[in-house]
Amino acid sequence: MTELICIGCPKGCHLQVDEENNYEVSGASCEKGAAYGKIELTDPRRVVTSTVRVKGASPARCSVKTNAAVPKGDIFAVMKALDAVELSSPVKIGDIVIANVCGTGADVVATRNI
Amino acid sequence: MIYDVIVIGGGPAGLAAALEAKNEGAEKVLILERDRELGGILNQCIHNGFGLHHFKEELTGPEYAGRFIEMVKNTDIEVSLDTMVLEVTKEKQVHCVSKTEGYRILEAKAIVLAMGCRERTRGAISIPGTRPAGVLTAGTAQRYVNMEGYMVGKRIVILGSGDIGLIMARRMTLEGAKVLACIELMPYSGGLTRNIVQCLHDYDIPLYLSHTIVDIKGDKRVEQVVAARVDENRRPIPGTEMTFDCDTLLLSVGLIPENELTKNAGIEIDKRTKGAVVYENMQTETEGIFACGNVVHVHDLVDFVTAESQRAGRAAARCALAGGVDGGKTITMKNGSAVTYTVPQKIRTGNVEKLCELFFRVNKVMQKAEIEVLDGENVIAHFKREHLAPGEMEKIALPRMLLDKAAGSELVVSVREVE
């Protein structure tokens, strides 16, 4: 049995996950929590948010995110991939900045208009 | 020309209030914003987790702001950027100044105060030591890193475990810095539990509860900070000192509603929230002047700021179009045991449609708590909660029927732990 705190929403439910019983989750108050409990112990993932350079614009950075959660082990590889990016305006929310970043299947997309 | 509604501040509170005023029928609506763009603090909050209540999906700060900015652009709401408001009067005049427009005195039928809050600084908490470069508030560092593109340090200690501090611990780590510790004076974190998990635990950043910083060392730049454990009176315990070799100290030690305009206008401030005293529709004690968002009380979630600000915008439009409201009986809300404040502080029962939402915070972490609303000796409503914490704003909804039936002019909200 592993105790977790769900990060699905600000409520922060205290979950108990039973590894020996097909990762059955108790303590969740919604379906998201039940899914999180299982995936957190088998294949933990996070959405990565960061910024990339923008040529000659103000502000100097454009905020971005992965449009799906990526494996925790790939977070720093995603950050490194972002170092090489330089956008030029105009940028629209949702524009793909890197497709299938580091082979995770997730795209890095812009989260602000510039 | 007289505006129906002037909104001071173009952050999430101001945007929602202006839009709702417009939707409610106000014709001439103006937003005054001192920054170069709308969106307020959301623009630098590039992490996700916003909008789960309002949009039913998880957005980053700039995306959440972007949706409201887009909606404002699709209306004829006027926006003045780079504009600093200097004074608001009870006669509903707004004095403001900008490079392009110069000094202006604008008039409105209703005003919404949505100035937000600012961070407490080193001065506010009097940390001893030298005064080197490298001591910043977490929000300042967040703006440097996320918007201007400057890294603030390589080896970092964070004082305070509020949400901004926790978010910045992760952010600095992702950008290649080493975050040595997050130090919290209280025996519990001031931030949301999910942020402890995904910002500290994910990156093995230690959280020292019941600790504070007792010395900052360094000549030109921070070289070391010294932390120590504190006793139950929050006094440092000699002999428990730990020294961290670091170049940067980030402070996440609380937010203060930014109410200079409110105070100068002679509007009553609640000492507990450090924001204006407000009624159920977010009107202040001055008729026609409303307040919403972090300038009233510091929120944890922008979604709740939006909801509150919509209430303020709606009421401001009604006030501008129809004049003052006849609210009927006024009930003053008082905080009883374990409750630190309530918003609204006053409820005019005649203005409550079906339910009046009441927001409050507790002063300690509690499991299995019972929230009671007392009319004199009588408990007129009670609510159960599995978990309450000072870092998490709580809300209850009081039905109008109950408020109408209240015998006294005061209701007390108190919380106790049940076995």
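All figures in this text were calculated on a predicted structure; none of them were measured in a lab. (Residues numbered from 1 in each chain as written. Chains lettered and ligands numbered in written order. Predicted model: local features only at pLDDT ≥ 70, side-chain atom pairs only at ≥ 80, totals over all residues. Heavy atoms only, no water.)

## Re the overall build of chain B
Regarding its fold elements, chain B presents nine helices and 29 strands. Taking 22 Å as the expected radius of gyration for a compact globule of 419 residues, we find that chain B reaches 22 Å, a close match to that expectation. Based on the C-alpha atoms only, the size of chain B along its principal axes is roughly 65 × 60 × 40 Å. A total of 419 residues make up chain B; the buried ones form 58% of that total. Total accessible area computed for chain B in this model is approximately 17,500 Å², and 49% of it derives from carbon and sulfur atoms. (Helix = DSSP H or I, 4+ residues; strand = E, 2+ residues; numbered from the N terminus. Rg over C-alpha atoms; globule rule 2.2 N^0.38 Å. Buried < 20%, exposed > 50% of the residue type's maximum accessible area, 1.4 Å probe, protein only. Areas by Shrake-Rupley, 256 points an atom, 1.4 Å probe, with all protein chains shown as cover.)

## Details of the sheet that holds strand β9 (residues 96–98) of chain A
An order of β8-β5-β6-β10-β9 (chain A) is seen for the five strands of this open sheet, with the pairing classed as mixed. The open sheet has two edge strands with one neighbour each: β8 (86–87) and β9 of chain A. Pairing of strand β5 (residues 49–54) of chain A with strand β6 (residues 61–66) of chain A, which is carried by five bridges, proceeds in the antiparallel orientation. The residue bridging A:Ser50 from the neighbouring strand is A:Val64, located in β6(A). Packing of helix α2 (residues 75–83) of chain A onto the sheet brings it into contact with β5, β6, β9 and β10 (108–110) of chain A, and relative to β5(A) it is tilted by some 15°. The strands touched by helix α4 (residues 138–148) of chain B are β5 and β6 of chain A; relative to β6(A), the strand with the most contacts, the crossing angle is about 90°. (Pairing = 2+ DSSP bridges. Contact = heavy atoms within 4.5 Å. Axes fitted to C-alpha atoms, helices over the stretch in contact; angles between N-to-C directions.)

## What to know about the packing of α2(A) against helix α5 (residues 163–174) of chain B
Two measures define how a pair of helices packs: the angle their axes make with one another and the distance between the axes. Running from N to C, α2(A) and α5(B) point in directions that differ by 65°, and their axes come no closer than 10 Å. Considering their axes alone, α2(A) and α5(B) lie roughly perpendicular with respect to each other. Contacts from A:Ile75, A:Phe76 and A:Met79 of α2(A) reach α5(B) at B:Arg171, B:Thr173 and B:Leu174. When its residues are assigned to classes, the contact of α2(A) with α5(B) shows four nonpolar, one polar and one charged. (Parallel < 35°, antiparallel > 145°, perpendicular 65-115°, else oblique. Nonpolar A, V, L, I, M, F, W, Y, C, P; charged D, E, K, R; others polar.)

## Looking at helix α1 (residues 31–42) of chain A
Since there are 3.6 residues in each turn of an α-helix, residues three or four apart along the chain are aligned in direction. If you check α1(A), its first and last C-alpha atoms are 17 Å apart, about what 12 residues at 1.5 Å a residue would give, namely 16 Å. Those residues of α1(A) that sit buried are A:Gly33, A:Tyr36, A:Gly37 and A:Glu40. Looking straight down α1(A), one finds its buried side chains confined to an arc of 100°; they lie on one side. As for α1(A), its buried residues are in contact with β1 (2–5), β2 (14–18), β3 (24–26) and β4 (45–46) of chain A together with α6 (193–200) of chain B. (Expected span 1.5 Å × (residues − 1). Arc of directions from axis to C-beta.)

## Section: the packing of aromatic side chains
Residue and element names in this part refer to chain B. In total, this model carries seven aromatic pairs over all chains according to the counting rule given. Residues Tyr144 and Tyr150 carry aromatic rings whose centres are separated by 6.3 Å and whose planes lie at 85° to one another, so their mutual orientation is edge-to-face. The class of Tyr150 is exposed, set by a relative accessible area of 54%. In this structure an aromatic cluster arises from ring pairing among Phe55, Tyr64 and Phe68. It is Arg67 that lies over the ring of Phe55; its NZ or CZ is 4.9 Å from the centre. The ring of Tyr279 carries the charged tip of Arg348 above its face, separated from the ring centre by 4.1 Å. (Phe/Tyr/Trp six-rings, centres within 6.5 Å; stacked < 30°, edge-to-face > 60°. Lys NZ or Arg CZ within 6 Å of the ring centre and 35° of its normal.)

## Examining the domain arrangement of chain B
All names here are of chain B. Considered domain by domain, chain B is made up of domain 1 (1–119 + 255–324), domain 2 (121–253) and domain 3 (326–419). Between the C-alpha centres of domain 1 and domain 2 the distance comes to 31 Å. Among the residues of domain 1 in contact with domain 2, Gln44, His47 and Glu119 are the three that bury the most area, contributing 49% of the side total. Counting across the domain 1 and domain 2 interface gives three salt bridges. Between domain 1 and domain 2 we count nine residue pairs in polar contact (both at pLDDT 80 or more) in total. Across the side of domain 1 that touches domain 2, the residue classes break down as four nonpolar, four polar and six charged. (Domains from an automatic or database assignment. Buried area = accessible area lost by both parts, 1.4 Å probe. Salt bridge = Lys/Arg side-chain N within 4 Å of Asp/Glu carboxyl O. Polar contact = N/O pair within 3.5 Å; in protein donor to acceptor, adjacent residues only side chain to side chain.)

## Quick word on the interface of chain A and chain B
Tallying the contact residues gives 27 residues for chain A and 30 residues for chain B. Broken down residue by residue, the surface that chain A buries against chain B is led by A:Ile7, A:Pro10 and A:Thr49, which jointly contribute 23%. The interface formed by chain A and chain B contains four salt bridges. There are 10 residue pairs in polar contact (both at pLDDT 80 or more) connecting chain A and chain B. Taken together, the residues that form the side of chain A that touches chain B break down as 13 nonpolar, eight polar and six charged.

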